[in-house]
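Coordinate analysis (summary)
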Amino acid sequence: MADTLIVSLQGIGNALLALPLAAAARRAGERTTMLVLSPRLLPVLAQASALDEALAADEPRFRGWRGRWRLLREIRRRRFDRVLFAYPSGKNAYRFARLADIGERLGHRYTPIEKAAGHLTAAFVPLRKGHDLEQNMTLAEHLGWTHNLAELWPALTVPAALAERARQYLTEKGLDPRARYVGLHTGCDGRWVEKRWPEEHFAAVAEQVHAAYGLPAIVFDGPGEPGTGLLVRRLAKTPVHGLAGWGDLADAFSLMSVCDLFVANDSGLMNLAAACGVPTVAVFGPSEPWRTRPYGPHGRAVISDRTCAPCYTLEPYAGCPYEYHHCLRGLSPARVMAAIDELLKR
């Protein structure tokens, strides 16, 4: 049995989109380990049947230059047969794997890390306008790992113990633990205010979803978007509960078990909902929807119609020169509801 390391040192969503690649490796008889950036993701990845183990580069023991050397020694000690880099990956990740003496190193060659791809033993040109998940699966195809994506995605199932934890939380907050909900994620990476749909639009969708489908709303407002759940609750005339920073990523994962719908910005939680098979509608402005839209038949992307969108590529992002929410403020709740209706009534 060969040992394969899958490296995804970008965001939470990027790591989740690498799970089908790990599943293909497992089906080929490989032992799979994933190296991610954030320790917040480890309790979720512990529930992924595709993985034998997961490590996080930002665990306390691996921080700082001494920690990085400790991580390098740990990777060397495990003597991986190959490393597969999830798309996209940074140039330092490519260099790190070569220093770790991993013999077979597969990834993609693209601007702006063209030179760093020289550290790979096999580098592939990315698919034109391909989804990040599909980019990852080109590595599986090169290795001759047969797969059916419909069997590999959705990649996660909320276990019974976590589902019970979600019901306990709802009971403690005076909510019906037997009810079904629409999840709303009002945030995204804290640096990306341009990717956020206005709270008043989320409130309008909460009202319309409740009227059409009877689903009360839960706002997944974490530490990066304080107060947004309270604002949506104040604006909406239908039941809305905000998490107000409660819990961790495993708690958000547990609450996916009570959601019949998830509406979000382009974010890691959006990809978590899609990975759990929750029907997901995502709003896109500056980022490229063909790369990170909710993958599969249960996902829809609603895209800004501004001519300048999308403006973010893999090149360094200079930021939006226009007023905050400039491109997403004009994306109406009616367009999002149309996508929801198509998804839930099909």
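The sections below set out a description of the structure shown in this document. (Residues numbered from 1 in each chain as written. Predicted model: local features only at pLDDT ≥ 70, side-chain atom pairs only at ≥ 80, totals over all residues. Heavy atoms only, no water.)

**Thoughts on unusual backbone geometry**
Apart from glycine, the bulk of residues carry a negative phi angle, and the bulk of peptide bonds sit in the trans form. Here Tyr87 and Pro88 are connected by a cis peptide whose omega angle stands at -10°. With respect to the helices and strands, the residue Pro88 is situated in the loop between strand E4 (82-85) and helix H5 (91-99). In this chain, Ala309 is followed by Pro310 through a cis amide linkage whose omega measures -5°. Mapped onto the elements, Pro310 comes out in the loop between strand E12 (299-303) and helix H14 (333-345). You will see that Lys129, though not glycine, has its phi angle at about 55°, which is positive. Here the phi dihedral of Ala244 falls at roughly 50°; this positive angle occurs in a residue that is not glycine. Locating Ala244 in the fold gives a position in the loop between strand E9 (240-242) and helix H11 (249-255). (Helix = DSSP H or I, 4+ residues; strand = E, 2+ residues; numbered from the N terminus.)

**What to know about the sheet that holds E12**
Overall, parallel pairing links the six strands, which are arranged E9-E8-E7-E10-E11-E12 in an open sheet. Pairing within the sheet leaves two strands with one partner each, and these edge strands are E9 and E12. Ignoring strand direction, the axes of neighbouring strands in this sheet form an average angle of 20°. When strand E7 (residues 181-185) meets strand E8 (residues 217-219), the two strands line up parallel, connected through three bridges. The residue of E8 that forms the bridge with Gly183 is Ile218. Packed on one face of the sheet, helix H10 (residues 228-235) meets E7, E8 and E9 and runs near 165° to E9. (Pairing = 2+ DSSP bridges. Axes fitted to C-alpha atoms, helices over the stretch in contact; angles between N-to-C directions. Contact = heavy atoms within 4.5 Å.)

**Considering the packing of helix H9 (residues 199-213) against H10**
Across the interface, H9 lies against H10 with an axial gap of 8 Å and an inter-helix angle of 55°. Accordingly, the angle class assigned to the pair H9 and H10 is oblique. Our pair here, H9 against H10, has a crossing hand that is right-handed. Facing H9, whose interface residues are Glu199, Glu200, Phe202, Ala203 and Glu207, H10 presents Thr228, Leu231, Val232 and Leu235. Looking at the contact of H9 with H10 residue by residue, the class counts come to five nonpolar, one polar and three charged. (Parallel < 35°, antiparallel > 145°, perpendicular 65-115°, else oblique. Left-handed = near helix turned anticlockwise from the far one by under 90°. Nonpolar A, V, L, I, M, F, W, Y, C, P; charged D, E, K, R; others polar.)

**Considering the environment of Asp221**
Looking at the element boundaries, Asp221 is found in the loop between E8 and H10. A relative accessible area of 4% means that Asp221 is categorised as buried. With 25 residues separating them in the primary sequence, Asp221 and Trp246 have C-alpha atoms 8.3 Å apart. Excluding anything up to four places from it in sequence, Asp221 contacts Thr186, Thr228, Gly229, Leu230, Gly242, Leu243, Ala244 and Gly245. In terms of polar contacts, Asp221 uses its side chain to reach the backbone amide nitrogen of Leu243, at 2.9 Å. (Buried < 20%, exposed > 50% of the residue type's maximum accessible area, 1.4 Å probe, protein only. Polar contact = N/O pair within 3.5 Å; in protein donor to acceptor, adjacent residues only side chain to side chain.)

**Brief notes about helix H12 (residues 268-275)**
Burial analysis of H12 places seven of its eight residues in the buried class, the great majority of the element. Listing the buried residues of H12 in full gives Leu269, Met270, Asn271, Leu272, Ala273, Ala274 and Ala275. Taken from the residues just after H12, Gly277 is the one with a positive phi, measuring 80°.

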